Amino acid sequence: MKRSLIGLVALAVVALIAVAVSTLDLGNLRRSVVPTEAQVVTLYYGGEKSALLDDPAITDILRDRYNITLDAIRAGSVEMAKTLDVTGKDCLWPSSTVAVDLARARGLRPLSVDTIFTSPIVFYAWNEVADAMVSAGLVRRADDGFLYADVQAVAAKIQEGAKWREDIGINLYGSFGIFSTDPVKSNSGLIWAGLLATAMNEGSLPVVADLSVLLPQLQNTFASMGYMESSSGDIFENFLKQGMGARPIIVGYENQMVEFINANAASAPMIRDRITMIYPEPTVFASHPLISLTPACTKLAEALQDPELQGLAWSDHGFRTGLAGVVNDHESMMNATLPETINQVVPMPTAATVEAMVAGLQ
Amino acid sequence: MKMKSGGLSGWLIGAGFLLVLALFAGFNLGGGNVDQTASGRTLTILSGSENRPLVPLIQAWGQENGVDVRMTFQGSVDISRALNDGTAIPFDAVWPAHSLWIGLGDTQKVTRHAASIMRTPVVLGIRSETAQRLGWVGRTDVTVQDIAAAAAAGDFRLAMTSASQSNSGASAYLGFLYAFAGNPDVLTLDNLKDPAVQENVRDILGRVDRSSGSSDWLKESFLANPEAYDAMFNYEALVIEANRALVPAGQNPLYVVYPANGLMVADSPLAFIDKGDPEKEKDFLDLQKFLLSSDTQSQLSDLGRRTGLIGLDQTGGDPAVWNPDWGVIPALTVASVPTPTPEVVAEALRLYQTELRKPSLTIWLIDTSGSMEGAPMNEAKEALRMILDPAEAATSLLQPSENDITVIIPFSSAPGTPMMAEGNDPAVLSRLLDQVMALQADGGTDMYSALGVALKQMQGFASKGTLVDYLPAVVVLTDGASDTGYRDRVFSAMAASGLGFPVHAIAFGESDLEQLDALAAATVGKVFGVDKGLSTALRDVRGYN
């Protein structure tokens, strides 16, 4: 009895202090820093940006400088553009430009579309695999120290039905190939399918008419992978955890390694000892276009161009800027090392071609 | 100015927190018996049996964080079936042994945050002396074909779990299919149709002397009865656990053989079932984070699980666990079987259940004593109906295959006449079912004399030389204390016969569990309750024979 009475008194004291703090002093001071009520911007975003949008350094800049807080829900790039109910949403922030076309095709009329970040498609390979691919002439080590894969040659090897053991000289079962996510469900797999289709089309961007020749080869390639993950985060994790025997080499985004190493800084040297990033030549940039459906989102688009925010997105999350005139210097990176510029880039085929390709791979 | 005032208000809020904390601490001390369940926060996990050794670790986390974590154990295949129900599944999380079961079962896309907690390959654990004799010590090129040939030559008696119930059995089975299909890029439906593949796989499955529904039970029964068989397909982690019990008991350890062309690696994904409860989701993510923390990961490595950020390499792990003398290769680099698509896995399991698995010879002993009158008798009849009625059996996956043999022996004070059905002809099965439905409850209980009749039946098959073609088992359906006049005589006759078939029991009503437990223990059988439902109990029994 007595103890709970003390408890009540103590609770009252706490309440009083809380009231005092909020009414007297803190309220005034808050207002002097942040002049108006923060604006909540609602959006769907592609999963690749989860860590970035959870990063307090990023959300602080948005709130303190631009008075914006986010109500963000993770969704697939294709589903947000094609099927999800967007009523009440200010923005869509998918992980591919194809989604922009899909949103337009659905009848959405964006106020603006701004490419905020980009990240090239890369390969992640176990070191032994990378070395074997160098010996097989599929990968070269450039003067800048980075590895570059000849996508045309890789595609040719896949088409020949080359085997890891017999033709690449590494002790693994099955046909040579690059493992990816399911192109029907996930953006990185879809981009790989586009890149492979371009290479199999002798380097020229395929159109719908080319698919009758290309699709059977693409179907074979993806069927030989068996179970395919439906998100780039999952395949990256499975690649790392299940070892070389399960997945010798995978398709991923450049920024995945940056985020992984920053989240596991203590293990960075071990990771560098075991895993190599290989840049396909040519590659495709996965861009992150912010589709503004309301003026609130247009404001967010401006805020996201804050130079400090763009700097953090690069140094801590590995996203290259989507803005003209900004250079990503590699000295600012914490643990990873990436090339400053990526020169050999091809676009994805048109939305109509991509849709036909997805339908064929379904 | 901003900084300073922020500091001040921060301090005031901090002081408030301290007060509140002090307050709660006071209540706690006063209240005395406030435990972790007082918060009312629970997290229920449907998990594979191989995670049983992790319970203390998880319970400790729950105690510390005020979450009552309850784990229910089922085979991965059953977890996959449970996932078919979407958010109606009565659990907050699933933890099967392999992500393929989520891929196969989660058709409504209700799982979130799936993350692999640890890895363990499915290996052949074989008596050291047998490995030595076969010249398999120190080799990494022993193929599934080598294992099949040695089993066919009678070099060892083999045990594995049922592929249609447990991931370790399914993994070994998929490894067989992959190896006999000639190591394709990935197993396809065409490979499954190949008669040569089917024949080879049927043959190696025919060498299995003991089956079970659970990997953990298989390991435990090996420990309880080390003379019963010589080799088992099981998780590397459970073979290591077995060795850590065998060696201190003065027994020879099992030697780990990694099949060079049919190795599947369980990846143990823990996934949340999203039912829109953010508090549960947070508790789940906290638990997952705890399991993936480097401290816990190294504790899991000490339990024989492959953990860490990258790869399967456990070089530098505790040498008492990752012991090369047991054939364990810490830096495992054997290539694993590519995971087939869910469609191929589903077809492979159907093929297993209906065509390729070793046929079973099951003798059902039905207690028809007076005490069974009413509900227990009706339940026992219902049980047999689930197996013998073709439409019922197809939905519960309990149907006999075309080579199975079903024998039913009713008993009360004395055993009744055995009734038999060979194969799965619906007409034959329904005739048998009619006979079962006509049974009346009356008289006393003598389970042991009925067991004597079952033994005679088994001996009949043995003398014809056909018993080896079947997985034999006796299942007793009973509710109560049996007379024991014949017990010792039957036990010694069973031991003298050298047939070594398991006797399982399904316990109805107020069964005398002591008698049933003793019977099961003596024959490496198992007692199943009907508390989880009759069909679950029957499916469980099916996995064990």
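Let us look at the overall build of chain A. Within chain A, the secondary structure is distributed over 16 helices and 10 strands. Buried positions account for 45% of the 362 residues belonging to chain A. Long-range pairs, those at least 24 residues apart, make up 74% of the contacts in chain A with a sequence separation of at least 6.

Summing up its helical and strand segments, chain B has 21 helices and 17 strands in all. Its C-alpha atoms give chain B a radius of gyration of 26 Å, within 12% of the compact-globule value 24 Å for 545 residues. Seen through its C-alpha atoms, chain B measures out along the principal axes to roughly 95 × 55 × 45 Å. Counting every position in chain B, which comprises 545 residues, the buried fraction comes to 50%. Put simply, of all contacts in chain B between residues at least 6 apart along the chain, 76% involve residues at least 24 apart.

Residue and element names in this part refer to chain B. Confidence in the prediction of chain B, expressed as mean pLDDT, is 87, and 92% of residues score 70 or more. By mean pLDDT, the top-scoring element of chain B is strand β3 (residues 93-95) (98), and the lowest-scoring one is helix α1 (residues 2-31) (38). Confidence drops under a pLDDT of 50 for residues 1-37, and excluding neighbours within four residues, the segment shows 30 contacts in the predicted structure. Listed scores for the predicted complex are pTM 0.80 and ipTM 0.71.

The next thing to look at is the domain arrangement of chain A. Residue and element names in this part refer to chain A. Domain parsing of chain A yields domain 1 (36-119 + 286-332) and domain 2 (120-285 + 343-361). For domain 1 and domain 2, the distance between their C-alpha centroids amounts to 26 Å. On the side of domain 2, 19 residues touch domain 1, which itself brings 18 residues to the contact. Among the elements of the structure, α5 (98-105), β4 (112-126), β9 (285-292) and α15 (307-317) are those that each provide at least two residues to the side of domain 1 that touches domain 2. For the side of domain 1 that touches domain 2, the element with the highest residue contribution is α5, accounting for 3 residues. Looking at the side of domain 1 that touches domain 2 residue by residue, the class counts come to 5 nonpolar, 10 polar and 3 charged.

Right, let's talk about the sheet that holds strand β16 (residues 503-507) of chain B for a bit. All names here are of chain B. In spatial order, the strands read β14-β13-β12-β15-β16-β17; together these 6 strands make up an open sheet with mixed pairing. Strands with a single pairing partner mark the edges of an open sheet, and in this sheet they are β14 (419-422) and β17 (527-529). The average undirected angle you get between the axes of adjacent strands in this sheet is 20°. Pairing geometry for strand β12 (residues 360-367) and strand β15 (residues 471-478), over 7 bridges, is parallel. Paired with I363 across the two strands is V474, which belongs to β15. This element, helix α20 (residues 513-522), spans β16 and β17 of the sheet and lies at about 155° to β16.

Residue and element names in this part refer to chain B. Following both chains from N to C, one finds helix α6 (residues 144-152) and helix α9 (residues 195-205) inclined at 50°, their axes separated by 9 Å at the closest point. Relative to α9, the element α6 lies oblique. In the crossing of α6 with α9, the sense of the turn from one axis to the other is left-handed. Contact residues: A148, A151 and A152 in α6; N200, D203 and I204 in α9. Its residues assigned to classes, the contact of α6 with α9 shows 4 nonpolar, 1 polar and 1 charged.

A few words now on the nonpolar core. Ranked by size, the top nonpolar core spans 202 residues in total, and within it C91(A), F123(A), Y124(A), A93(B) and L177(B) carry the most contacts. In contact with Y124(A), not counting residues within four places along its chain, are F239(A), I249(A), I250(A), G252(A), M257(A), I275(A) and M277(A). Counting residues in hydrophobic clusters, the runner-up holds 50 residues, among them I366(B), A383(B), L433(B) and Y448(B).

We now examine unusual backbone geometry. All names here are of chain A. The peptide bond linking E281 to P282 adopts the cis configuration, its omega dihedral lying at 0°. For P282, the location among the structural elements is in the loop between β8 (275-281) and β9. Even without glycine at this site, N67 takes up a positive phi of about 60°. If you trace the backbone, N67 turns up in the loop between α3 (56-66) and β2 (68-74).

What counts and how
Residues numbered from 1 in each chain as written. Chains lettered and ligands numbered in written order. Predicted model: local features only at pLDDT ≥ 70, side-chain atom pairs only at ≥ 80, totals over all residues. Helix = DSSP H or I, 4+ residues; strand = E, 2+ residues; numbered from the N terminus. Buried ≥ 20, exposed ≤ 12 C-beta atoms within 10 Å, placed from the backbone. Contact = placed C-beta atoms within 7 Å. Rg over C-alpha atoms; globule rule 2.2 N^0.38 Å. pLDDT = per-residue confidence, 0-100. Domains from an automatic or database assignment. Nonpolar A, V, L, I, M, F, W, Y, C, P; charged D, E, K, R; others polar. Pairing = 2+ DSSP bridges. Axes fitted to C-alpha atoms, helices over the stretch in contact; angles between N-to-C directions. Parallel < 35°, antiparallel > 145°, perpendicular 65-115°, else oblique. Left-handed = near helix turned anticlockwise from the far one by under 90°. Core = buried A, V, L, I, M, F, W, Y, C linked by C-beta atoms within 7 Å.

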